[in-house]
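# Structural features, examined
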Amino acid sequence: MVRFLLTRFFQSILVLLSVTFISFTLIKLSPADYFEQFKLNPQISPETIQKLRKMYGLDDPLLLQYFKWLTAALRFDLGISLQYNTPVTDLIRERIGKTLALTVPSAVISWVAASFLGLLAGFREGTWIDRAVRIFSYTFMSMPSFFLAFILLFFLARGGYLQPGGTSSLLVGITTLSLISTAGLVRLMRSAVIEVLHSPTVVMLRAKGATTGVMMKHVVRNAMNPFITLIGYEIAGLISGAALIEVVVGWPGLGELMLNAVLSQDLFLVMGGLYIGTIMLIVGNLIADIILALVDPRVREKEIKLKEVKL
């Protein structure tokens with residue numbers, strides 16, 4: 001387990017460096033930057049613009065700029081937002097609570113609902129229950145999240161219940177994310193259950209007359225493996241997955257903040273959001289790997305064997 005965790009840790013460091021460097025480079029390769037728009041103001045001289053770039057270190061070579069940003073980011077000093085003239089960490093801290101209030105309930109609802117519906121459909125394969133679950137899944141998987149949010153907002157507005165940025169926006173966001181996420185997860189759960197039910201082990205258990213409780217325990221434990229693998233992406237999605245929905249429903253979370261940062265080319269705010277999102281993805285995947293290794297020892301054995309083969 002120690003070797004397994006060390007391997008994952010060093011892989012995480014490489015992922016963090018790769019993502020941040022590529023993102024930083026792509027942003028810097030843009031033909032313009034935040035201060036370019038100041039040239040349209042005749043009251044701001046080119047010398048003033050140049051001084052501002054120098055003050056923020058934007059006139060240094062690319063590699064030097066990235067190294068300075070990275071060394072500060074490792075201390076969670078994400079710089080000063082060019083647009084808001086406020087520390088990036090303060091801006092993210094102000095908005096992250098709103099985003100989590102939207103994404104955490106939807107994640108819990110979707111996982112519980114998908115587990116229940118997936119198990120139900122898998123054990124009732126070919127019945128009307130299975131068909132109803134599949135219709136639900138196909139319907140909401142094929143519907144863009146922003147379109148579903150627009151539909152829900154329309155009915156709330158017709159009923160006079162719409163309060164942009166208030167409780168109604170929060171409920172619309174949670175409902176939209178829950179339905180879209182459940183639709184995708186339930187297909188994964190159903191397929192995993194059916195695969196386990198058709199496995200030789202389950203056939204043998206049935207032949208030996210195993211009780212329903214034993215069968216259910218075996219099926220659930222094996223069918224949950226794909227779900228556990230997705231935990232890493234779900235944790236990262238708690239911050240980044242609701243960006244579009246936040247903009248559509250008017251919820252003041254990180255989505256609106258990051259959209260404005262991208263449109264205004266606020267380098268440090270964009271990089272701060274990417275940095276936090278990448279860390280959450282890494283931590284989420286690490287948690288998923290640990291849980292999966294504890295639940296399924298074959299994962300640890302496979303990692304060790306691969307290391308031995310490489311050596």
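Criteria and thresholds
- Residues numbered from 1 in each chain as written.
- Predicted model: local features only at pLDDT ≥ 70, side-chain atom pairs only at ≥ 80, totals over all residues.
- Heavy atoms only, no water.
- Core = buried A, V, L, I, M, F, W, Y, C linked by side-chain atoms within 4.5 Å.
- Buried < 20%, exposed > 50% of the residue type's maximum accessible area, 1.4 Å probe, protein only.
- Helix = DSSP H or I, 4+ residues; strand = E, 2+ residues; numbered from the N terminus.
- Domains from an automatic or database assignment.
- Contact = heavy atoms within 4.5 Å.
- Axes fitted to C-alpha atoms, helices over the stretch in contact; angles between N-to-C directions.
- Parallel < 35°, antiparallel > 145°, perpendicular 65-115°, else oblique.
- Left-handed = near helix turned anticlockwise from the far one by under 90°.
- Nonpolar A, V, L, I, M, F, W, Y, C, P; charged D, E, K, R; others polar.
- Polar contact = N/O pair within 3.5 Å; in protein donor to acceptor, adjacent residues only side chain to side chain.
- UniProt positions renumbered as here; feature names shortened; annotations may be inferred.
- Phe/Tyr/Trp six-rings, centres within 6.5 Å; stacked < 30°, edge-to-face > 60°.

### Considerations on the nonpolar core
- Among the nonpolar cores identified, the biggest contains 31 residues, and Phe35, Leu58, Trp69, Leu78, Leu82, Phe268 and Tyr275 are the most heavily contacted of them.
- Contributions of two or more residues to this core are made by α1 (2–28), α3 (62–73), α4 (88–123), α11 (231–240), α13 (254–263) and α14 (267–295).
- Broken down by element, the residue count for this core peaks at nine residues, all from α14.
- Counting contributing residues, this core receives three or more from each of domain 1 (16–88) and domain 2 (92–309).
- In this structure, Leu82 is in contact with Tyr34, Phe35, Tyr56, Leu58, Gln265, Asp266, Leu267 and Phe268, ignoring residues within four places of it in sequence.

### Some remarks on the packing of α1 against α3
- Contact geometry of α1 with α3 gives a least axis separation of 11 Å together with a crossing angle of 130 degrees. Taken as axis vectors, α1 and α3 run oblique relative to one another. Seen from above, α1 lies across α3 with right-handed handedness. Contacts between α1 and α3 involve Leu17, Thr20, Phe21, Phe24, Thr25 and Lys28 on the former and, on the latter, Leu62, Leu63, Gln65, Tyr66, Trp69 and Leu70.
- Taken together, the residues of the contact of α1 with α3 sort by class into eight nonpolar, three polar and one charged.

### Side note on the side chain of Asp130
- Relative to the assigned elements, Asp130 resides in helix α5 (residues 128–141).
- The exposure class assigned to Asp130 is buried, which follows from its relative accessible area of 0%.
- At 3.0 Å, the side chain of Asp130 forms a polar contact with the backbone nitrogen of Gly126.
- Those residues in contact with Asp130, other than ones at most four positions away along the chain, are Ala121, Arg124, Glu125 and Arg190.

### Considering the packing of α4 against α13
- Here α4 crosses α13 at 135 degrees, and the two axes come no closer than 8 Å. Put simply, α4 runs oblique to α13. Contacts between α4 and α13 involve Leu91, Ile92, Arg95, Ile96 and Thr99 from the first element and Leu254, Glu256 and Leu257 from the second.
- Of the residues assigned to the contact of α4 with α13, the class counts are five nonpolar, one polar and two charged.

### Regarding the UniProt feature "transmembrane region" (unreviewed entry) in the protein
- Mapped onto this numbering, the UniProt entry gives "transmembrane region" (unreviewed entry) at residues 12–30, 100–123, 135–157, 169–189, 227–254 and 274–295.
- Segment residues 135–157 splits into 87% helix and 0% strand. End C-alpha atoms: 28 Å apart.
- Taken end to end, residues 169–189 comprises 100% helix and 0% strand; its first and last C-alpha atoms sit 30 Å apart.

### Concerning the side chain of Ser106
- Relative to the assigned elements, Ser106 resides in helix α4.
- With relative accessibility at 7%, the residue Ser106 sits in the buried group.
- At 2.8 Å, the side chain of Ser106 and the backbone oxygen of Thr103 are in polar contact.
- Not counting residues within four places of it along the chain, the set of residues in contact with Ser106 comprises Ile174, Leu177 and Ser178.

### Brief notes about the packing of aromatic side chains
- Applying the stated criterion to the full structure yields eleven aromatic pairs.
- Relative to Tyr275, the ring of Phe76 has its centre 5.8 Å away and its plane inclined at 65 degrees; by these criteria the two rings are edge-to-face. A residue pair is termed long-range when its members are at least 10 positions apart, and Phe76 in the loop between α3 and α4 and Tyr275 in helix α14 qualify at 199 residues.
- Take Phe76: its relative accessible area is 46%, and that puts it in the partly exposed class.
- Their ring planes at 85 degrees and their centres at 6.4 Å tell us that Phe146 and Phe150 sit as a pair that is edge-to-face. Linking Phe146 with Phe150, this pair stays in helix α6 (residues 145–159), spanning four residues, or about one helical turn.
- For Phe150, a relative accessible area of 46% corresponds to the partly exposed category.

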